[in-house]
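Per-entry structural report
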Amino acid sequence: MNDNDLERELRSQFGPREQGYRPAALPAEPGAPSHRPGVPPMLRGGLFAAVAAAAVLAVVIVSGGLDGRFGVGGDVSTPSPTDAKTQAATPSVAPSSAAEPAACRPEDVVLTAEPWGGAAGSRGTSVTLALADGAPACHPTNTAFGRILDATGAMLVESIPEATDLPLLTLQPGAKYQVGVAWSNWCGAHPVGIRLELRLGNWSDWVAVQPHLPGTGGPDPVPPCIGDGGTSLSVTEVQSAP
């Protein structure tokens, strides 16, 4: 039986105020079936099914509306106040735009000595540290070591390392640092063709200072003999050039 059949069946029945209406007799005992004429069992079953289907459809509509409103299974959801506060309190972190400079390597630095001079029985010079052409900014160590060789490569004297605790330095393009070198008390034969080499604290190799030979016209770079205590070489910490 479809909807049209149900509608025709309902229209064929007499209403309570229409002529021909016959009320159904009440059952003689509780639980006994009613004998109301005019409503066939098939019609009553169809009406029950229609009412049940309408109830299910109403539940589905209400459930879908609630889901769409509160974001449970729907496409649109409203953030909770806690989520909004958390997002507002979380700052955005911008990525670093430049890498931290690395430690200076021997090939990154050019060492240049000023003319040698003498005072109080010692001879010395100032050595400037600058970046080589095309080298990136780097960190030189605060400590530098020195040694002096002769023309044959024999070492005449070497400085004694000294521990330092100074701030981190950064050698930028165009910037310069310097160290002071002082050689004292040479009592041996006069060496020929001396040259100065330096090594920063983190280097394993020595780097020759330019020029290899001290400039002519100044004091003899070899210090005089002033005692029997042996020769010595001192190198100051790396510091900003004036």
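As shown above, the structure is provided for reference.
Keep in mind it's a predicted model, so treat the numbers as computed, not measured.

**A short note on the environment of L111**
On the secondary structure map, L111 appears in strand β2 (residues 109–113). Its relative accessible area of 4% is what places L111 among the buried residues. Separated by 17 residues in sequence, L111 and T128 place their C-alpha atoms 5.6 Å apart. Beyond its immediate stretch of four places on either side in the chain, L111 contacts V127, T128, L129, L198, V207, A208, V209 and Q210.

**Describing the sheet that holds strand β9 (residues 195–200)**
Here we have four strands laid out as an open sheet, ordered β7-β6-β9-β10, and antiparallel in their pairing. Both edges of this open sheet fall to β7 (155–158) and β10 (207–208), since each of them pairs with a single strand only. Strand direction decides the pairing type here: strand β6 (residues 144–149) and β9, joined by six bridges, are antiparallel. The residue bridging I148 from the neighbouring strand is L196, located in β9.

**So, unusual backbone geometry**
The step from Q210 to P211 runs through a cis peptide bond, and the omega angle for that step is -10 degrees. Within the secondary structure layout, P211 lies in the loop between β10 and β11 (232–235). Look at N185: it is not a glycine, yet its phi comes out positive at around 60 degrees. Along the chain, N185 falls in the loop between β8 (176–184) and β9.

Thresholds applied
- Residues numbered from 1 in each chain as written.
- Predicted model: local features only at pLDDT ≥ 70, side-chain atom pairs only at ≥ 80, totals over all residues.
- Heavy atoms only, no water.
- Helix = DSSP H or I, 4+ residues; strand = E, 2+ residues; numbered from the N terminus.
- Buried < 20%, exposed > 50% of the residue type's maximum accessible area, 1.4 Å probe, protein only.
- Contact = heavy atoms within 4.5 Å.
- Pairing = 2+ DSSP bridges.

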